[in-house]
Each structure stands twice: as structure tokens, then as C-alpha cells.
Amino acid sequence: MTQSEKPASPKNWRPRTKAVRAGVNRAFQETSEAMFLTSGYAYTGPEQAAARFTGEDPGHQYSRFSNPTVEMFETRLAALEGAEWCMATASGMAAVTAAILSGLNAGDHMVSSRALFGSCRYVADDLCKRFGIETTFIDGTNLDAWRSAVRPNTKLFFLESPSNPGLEVLDIKAIAGIAKETGSKLLVDNVFASPILQHPLELGADLVVYSATKHIDGQGRVLGGAVLGNDVQWKEDVLKPFIRNTGPTISAFNAWVLVKSLETLDLRVRAMTAGAAEVADALEPHLGGLLKTIRYPFRADHPQGKIARAQMEGGGSLVALEFDGDPETAQARAFSFLDTLELVDVSNNLGDAKSLATHPRTTTHFRQTEEARMEQGVTPGLVRVSIGLEDPQDLSNDLLGALSQC
Ligand SMILES: *Cc1c(COP(=O)(O)O)cnc(C)c1O
């Protein structure tokens, strides 16, 4: 085998090797992946153009359909996830919207966990309703609720685990079993766990979506998203025509940033996770006083901690704190805490190298009704902290310092 004949992604590579090497497609034996900023492609003649459009010639036609840099990102993320295919999108919400709308028709029904990121709730509720798709929102931790929400026209189950921002953990394997039994597909938004800590397809899910904006970029630079799965026919017949024709395509520049980011994803997510676990425990002295709860999936006091340990390799990089007090006092304490932080930024993004904290009730979830928020645990006293790559001791000191002034 010559060097240029090396296969792009041997199956026996371990995940860390895939994250660095999978999908490499070299034009000039360059070591770093090339950025192909081109919208179109020229053909050798009309015969080749025609063959590209019939599919006999597999080359590129137009960057709304495919692009070499985007393909490198897709191949690498699919390899890391252990998925047969990946389609990248311009944002996480483009991925969620494509995964849901491409496969459903008016008259179909969806069952969704009610603990959802604000925009996911908009798509699954408001938007779907306008196109005649009804969604039943349930307490996702209750397996009987999944089963009893199923109707003859149910086509899709949708969940986030751990959820944003309440860090509710759902039993993906059990829910996948119910989906299979009742003839539905299971779509998992795996943003909070990242491809490093949780593998929904192995647990029985049909589709996985990411906001690559979060841990995959992890440095606060670009938006991006991806849909992944194993059913190649579904991708070809359902998802690909939707993405090609409606155009939620990722830019080659963003895909280039993200393909390079995948090389360090494992290191970053594991370091952030260790930091988050350490910081969550450091706040313990305030539990039962200023703090009603410290929510972290791997803490012994997490209500679904056992499921988290069974299906995740680590608790992730997010910690949720709930301030005690009546609603007004709790929110005032949360605001005072955020105002007093010196190192951690107040920002609604997450998964960044920089630690960020937000008050979901007045930011990411402010457009929802109070009733929907309370169902998800988005209370006035809730603060979500995304632990970055700073020294965990400095982060603990910052959070403890702010707590001491609340
Ligand atoms: C951020 C986020 C999204 C949306 O991703 P964007 O890249 O911002 O469009 C979807 N789901 C979850 C859980 C998220 O945190």
C-alpha cells in the first residue's frame, strides 16, 4: 500500500484515533485538512456534469449538496459516533428541525420528553402543530408515560439526556425499547453528553443530533450541527433530499473549524468533566443553606444518578444550582450570584473552554410559559454553569466567593 492509498477511516481504530484521523482527504499530501471555500465545481464536460446529476459519477456538484471539507467533518464525526452516516448542518437547531420535519407528515404524532432546550420545544410544539403534526409532552423519566402516550399514528420519540438546563437523565435503552416495540423512531439530542460520554445509537436510538456549536467547537467560534444514524436508506430517501433542497447546509469554513476541533474533543470534554465534578462537590457546604440543590449527573444525590452511571462515561461539563427561597428571593439570589462572579462569564452558550453561567428562566427558556418552565424545573432560583478548561480550583474559588456574598 502506498501512503496515498491509506484508507480514510479503518474500522478498528479506537475513538481517539478516529477523532484525529478519520475522514482525511488530501489533495496535496497536506497534513492539515484543507478548507475548500467553493460554492460550485467545474466538470470536464457536459457528459461528466450529466453523470454527476444522475449519480453515476460520485463527485461534487454544488456546495449546498456536498463539499470536500464538510465531508471530512461528517466522516470524522460519524466514525467517532460509530454511526453509518452523518449529515452536517448550519446549526444545532437546523439539525433538530431537519431530523424531525424531514421524516414526518401532517397527521403524524410525536412523543417528546418535556425537558427540552427552548428552541427544541418551539420546533416540537409550535412549528410541528402548524404543519399538522401533534406532539405529546411527557415526564421522560416515567417509562409508563412514554408507553401510554403512543397512538396508532405515533412515528417519533424525541428526548434530550441530560436535559438542558435541569440535567434530568433519561433511560435511553429502555425508551429505545418502547420505541421499537411501538414502531417509532427514537431521536436523541446528545448535546449535553457529547459524542465522548454517551453513545445513543449503541443504546438503541435511531437518530442522534448535535449542536456542534457546543463541545464540538468548544471554543466559542462557530455555529454548526449534525444528524447521525445507521439507516442509510432513510438518510438517502428522507433526510438528504430535505437538506439538499431546503438548504440548512453548513459553511465549509465552519466545517473546517469543527473538523479540527474534533481532534481535541476527547481531551477537552474529559478535562471539563473532571472539573465540573470537582466544582460541584466544592459547593457542597452551601447545600441545605443557600442552595436547595446541586444537580450533577454523577453525584450520589442525583435522582437518576444510577442511570447516568450506566449509560454515560462521565457526568459531563454542566452543573445546575438551585437557590433556595420563595420565587422572588431565589431569583434575586441567582442574579446576585451571577453579578458577583469574577472569572466565570454570564453567557447562555455552553461547552466552551471558558466557563459560562446563565439564568435559564430569563434567557434560554424565557419565551416558554411559566407552566412549561416549572414542569422542567426551570425555577426562578436555577442557574446553569458550564464548566470550561480553567483550573477547577480557580473556578471553585470564584463560585464560592460569589456564594459567600449572596
Ligand atoms: C444549543 C442547543 C441546541 C441548538 O444548537 P444551536 O447550534 O444553538 O442551534 C439544541 N439542543 C441543545 C440541547 C442545545 O444545548
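All values derive from a computational prediction rather than experimental measurement.

We now examine the site of the ligand. Near the ligand you find 15 residues, and of these Gly92, Asp189, Ser211, Thr213 and Lys214 are the closest. Contacts to the ligand include Met93, whose backbone N or O atom sits 2.8 Å from an oxygen atom. Protein burial of the ligand: of its 380 Å² of free accessible surface, 91% is covered by the chains. Broken down by class, the residue content of the shell around the ligand amounts to six nonpolar, six polar and three charged.

Let's shift gears to the domain arrangement of the protein chain. Here the protein chain is partitioned into domain 1 (8-262) and domain 2 (266-403). Computed from C-alpha atoms alone, the centre-to-centre distance between domain 1 and domain 2 is 27 Å. Every contact between the two is made by 37 residues of domain 1 and, on the other side, 37 residues of domain 2. On the surface where domain 1 and domain 2 come into contact, there are zero salt bridges. The tally of links between domain 1 and domain 2 comes to 17 residue pairs in polar contact (both at pLDDT 80 or more).

With respect to the helices and strands, the residue Lys354 is situated in the loop between β10 (345-346) and β11 (356-358). Counting along the chain gives 191 residues from Lys354 to Ser163, while the straight-line C-alpha distance between them is 21 Å. In this structure, Lys354 is in contact with Asp345, Ser386, Gly388 and Glu390, ignoring residues within four places of it in sequence.

What follows deals with helix α12 (residues 327-340). For α12, which comprises 14 residues, the first-to-last C-alpha distance of 20 Å matches the rise-based estimate of 20 Å (1.5 Å per residue) to within 8%. Among all positions in α12, only Ala330, Gln331, Ala334, Phe337, Leu338 and Thr340 are buried. The elements touched by buried residues of α12 are β9 (318-323), β10, β11, β12 (382-386) and α14 (392-404).

Quick look at the sheet that holds strand β4 (residues 154-160) now. The strands making up a sheet associate through hydrogen bonds between their backbones, and the pairing can be parallel or antiparallel. What the seven strands build is an open sheet, ordered β1-β7-β6-β5-β4-β2-β3; its pairing is mixed. The open sheet is flanked by β1 (85-89) and β3 (134-138), the only strands paired with a single partner. Taking each pair of neighbouring strands and ignoring which way they run, the sheet shows an average axis angle of 20°. Here strand β2 (residues 109-113) pairs with β4 via four bridges, running parallel. Bridging from a neighbouring strand, Ser112 pairs with Phe158 of β4. Sheet contacts for helix α4 (residues 92-101): β1, β2, β4, β5 (185-189), β6 (207-211) and β7 (225-229); angle to β6, the most-contacted strand, approximately 160°.

In the contact formed by helix α10 (residues 252-282) and α14, the axes pass within 9 Å of each other and the chain directions differ by 35°. α14 is crossed by α10, and the crossing has right-handed handedness. Residues Gly275, Glu278, Val279 and Ala282 of α10 touch α14, and the partners they reach there are Pro392, Gln393, Leu395, Ser396, Leu399 and Leu400. A breakdown of the residues in the contact of α10 with α14 according to their chemical character gives six nonpolar, three polar and one charged.

For the coordinates displayed, the defined rule picks out four aromatic pairs. Arranged with centres 5.9 Å apart and planes meeting at 80°, the rings of Tyr62 and Phe65 form a pair that is edge-to-face. The exposure class of Tyr62 is partly exposed, given its relative accessible area of 37%. Residue Phe65 is classed as partly exposed on the basis of its relative accessible area, which comes to 22%. One residue, Arg121, lies across the ring of Phe137, its end atom 4.2 Å from the ring centre. Across the ring face of Phe117, the terminal group of Lys214 is positioned such that the distance to the ring centre comes to 5.1 Å.

With nine of ten residues buried, α4 lies mostly within the body of the structure. Taken as a whole, α4 has its buried residues at Gly92, Ala94, Ala95, Val96, Thr97, Ala98, Ala99, Ile100 and Leu101. One side-chain oxygen of the residue at the start of α4 lies 3.4 Å from the amide nitrogen of Met93, identifying that residue as Ser91.

Among the surface-exposed residues, Met35, Leu37 and Phe253 lie close enough to one another that they form a single nonpolar patch of about 290 Å² accessible area. Of note, Met35 is situated in the loop between α1 (15-21) and α2 (46-54).

In this section: the side chain of Ser184. One can find Ser184 in the loop between α7 (172-182) and β5. A residue is classified by how much of its surface remains accessible, and Ser184, at 8% relative accessible area, is buried. Among the polar contacts made by the side chain of Ser184, one reaches the main-chain carbonyl oxygen of Thr154 at a distance of 3.4 Å. Contact partners of Ser184, with chain neighbours within four places excluded, come to Thr154, Lys155, Leu156, Phe157, Ala179 and Asp206.

Looking now at the side chain of Asp108. Along the polypeptide, Asp108 turns up in the loop between α4 and β2. Note on Asp108: relative accessible area 8%, which makes it buried. Apart from the residues within four sequence positions on either side, Asp108 is in contact with Gly103, Gly132, Ile133, Glu134, Asn153 and Lys155.

Consecutive side chains of a regular strand alternate in pointing toward one face of the sheet and then the other. Most of β1 is tucked away: five of the five residues are buried. Of the two faces of β1, both are covered, the one formed by Trp85, Met87 and Thr89 as well as the one formed by Cys86 and Ala88. Bridge analysis of β1 against β7 gives five bridges, and the strand direction is antiparallel. From the neighbouring strand, Cys86 faces β7, where its bridge partner is Leu228.

Here is what the cut-offs are and how they apply
Residues numbered from 1 in each chain as written. Predicted model: local features only at pLDDT ≥ 70, side-chain atom pairs only at ≥ 80, totals over all residues. Heavy atoms only, no water. Near = heavy atom within 4 Å. Polar contact = N/O pair within 3.5 Å; in protein donor to acceptor, adjacent residues only side chain to side chain. Areas by Shrake-Rupley, 256 points an atom, 1.4 Å probe, with all protein chains shown as cover. Nonpolar A, V, L, I, M, F, W, Y, C, P; charged D, E, K, R; others polar. Domains from an automatic or database assignment. Contact = heavy atoms within 4.5 Å. Salt bridge = Lys/Arg side-chain N within 4 Å of Asp/Glu carboxyl O. Helix = DSSP H or I, 4+ residues; strand = E, 2+ residues; numbered from the N terminus. Expected span 1.5 Å × (residues − 1). Buried < 20%, exposed > 50% of the residue type's maximum accessible area, 1.4 Å probe, protein only. Pairing = 2+ DSSP bridges. Axes fitted to C-alpha atoms, helices over the stretch in contact; angles between N-to-C directions. Left-handed = near helix turned anticlockwise from the far one by under 90°. Phe/Tyr/Trp six-rings, centres within 6.5 Å; stacked < 30°, edge-to-face > 60°. Lys NZ or Arg CZ within 6 Å of the ring centre and 35° of its normal. Patch = residues over 30% accessible without salt bridge, like charges linked within 9 Å, V, L, I, M, F, W, Y side chains within 5 Å.

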